[in-house]
Structure formats: structure tokens, C-alpha cells
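The lines below spell out each chain.
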Amino acid sequence: MGLRSTSLTLVGGGSAKFDASGIPVQAVFFLPGGSNITWIGKLGVVRWNGKVTSDFAANESDSGFSLVGGVGAQYDFSSNFAIRAELEYFPKIGDEATVGEADVTAIGVSLKYAF
């Protein structure tokens, strides 16, 4: 899963790029919210890999673990078809001493069809 990719142009003409990817493992909780709505909560960890490439310093890479959490809602149009919206938050992806550190927020909308 791609978490973040950022390019920087520095004063004096230098440039750098930060890439982060990770694999989250989460527990997902569902809470009925009334007429056709289900609230969603997520809590877990992400194993991240970060890499910085630049034309002005040595390239760096690092990996580690961070907590991850999320919230969302699902609306059921029928017993087979639903739409889901989720927001996930990945705090402190990366290491400030090596590749830098960033908080990543992911927003997703998906359709669900059950056979």
C-alpha cells in the first residue's frame, strides 16, 4: 500500500523525494447505527518502509512499526449492495533521524457487493 510520495525542490536547485509504503494489520469494529447505516472503527499497526532519494546527499531508507486508526460508515442499499466511506490515520510514518517523519491521512470510498 502506498502511503505517501512527496517531491521537494530546494533553494539552489537541489531536489529530493520521499516515498513510504506499508502493510497495515487492523481489527475492524462494526456498530449498527440505525436505518441501513453501520459505523466502522479500525485500530491496528502498520509495518512501514521509507526511502529518501536526493541529488545533494546520500540516499536513506528505514523501516518500522506505527499505530494506525480509522473511522467510517457504511450505507446498505440492500442486503447485497452497500457504499462505504472511511478515513484512516497513519501517525509518525518514517524516522526523523533517517528518512524523515510524516503523518498520513487516507480517505477512501468503496462499493460493496455480496454474492
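Right, let's walk through the structure included here. The structure presented is a predicted model; accordingly, all values stated were derived computationally and were not measured.

Parameters at a glance
For every chain, the first residue of the written sequence is number 1, and numbering continues from 1 onward in sequence order. The predicted origin of the model limits local features to residues at a pLDDT of at least 70 and limits the giving and counting of side-chain atom pairs to 80 or more, whereas totals for whole chains, interfaces and linings rest on all residues. Calculated side-chain values reflect all of the structure's heavy atoms, with hydrogen atoms and water omitted. Strands here mean DSSP runs of E at least two residues long; helices mean DSSP runs of H or I at least four residues long; both are numbered from the N terminus. Criterion for a salt bridge: a side-chain nitrogen of Lys or Arg within 4 Å of a carboxyl oxygen of Asp or Glu. Only protein chains enter the calculation, and the probe is 1.4 Å; a residue is then buried if its accessible area is under 20% of its type maximum, exposed if over 50%, and partly exposed in between. Patch definition: residues with relative accessible area over 30% and no salt bridge; like charges joined within 9 Å; nonpolar side chains (Val, Leu, Ile, Met, Phe, Trp, Tyr) joined within 5 Å. All accessible-area figures derive from a Shrake-Rupley calculation using a 1.4 Å probe, and residue coverage is judged against the displayed protein chains alone. Counted as positive: Lys and Arg. Counted as negative: Asp and Glu, with His and the chain ends omitted from the count. Positions of charges follow a simple convention, taking NZ of Lys, CZ of Arg, CG of Asp or CD of Glu.

Regarding unusual backbone geometry
Glycine aside, negative phi is the norm for most residues, and most peptide bonds take the trans geometry. Even without being glycine, Asn36 reaches a positive phi, approximately 65 degrees. Tracing the backbone through its elements, the reader meets Asn36 in the loop between β2 (15-32) and β3 (37-54). Phi at Lys92 is positive, roughly 55 degrees, even though this residue is not glycine. Structurally, Lys92 can be placed in strand β5 (residues 81-95).

Quick word on the pattern of salt bridges
According to the stated counting rule, one finds two salt bridges in the structure shown. In this structure, Glu86 and Lys42 form a salt bridge, with 2.7 Å as the shortest nitrogen-oxygen distance. Of the two residues, Glu86 sits in strand β5 while Lys42 sits in strand β3, which places them 44 residues apart along the sequence. Judged by its relative accessible area of 16%, Lys42 falls in the buried class. Close ionic contact of Lys42 with Glu88 constitutes a salt bridge, the shortest N to O distance being 3.5 Å. With Lys42 in strand β3 and Glu88 in strand β5, this pair connects stretches of sequence that are 46 residues apart. For the pair Lys42 and Glu88, one class covers both residues: buried. One connected set of salt bridges, linked through shared partners, spans Lys42, Glu86 and Glu88.

Some points on a negative patch on the surface
On the surface, a cluster of negative charge is contributed by Asp95, Glu96, Glu101 and Asp103. Turning to its location among the elements, Asp95 is positioned in strand β5. Judged by relative accessible area, which is 32%, Asp95 ranks as partly exposed.

Everything listed here is a matter of coordinates, which is why it stays silent on function.
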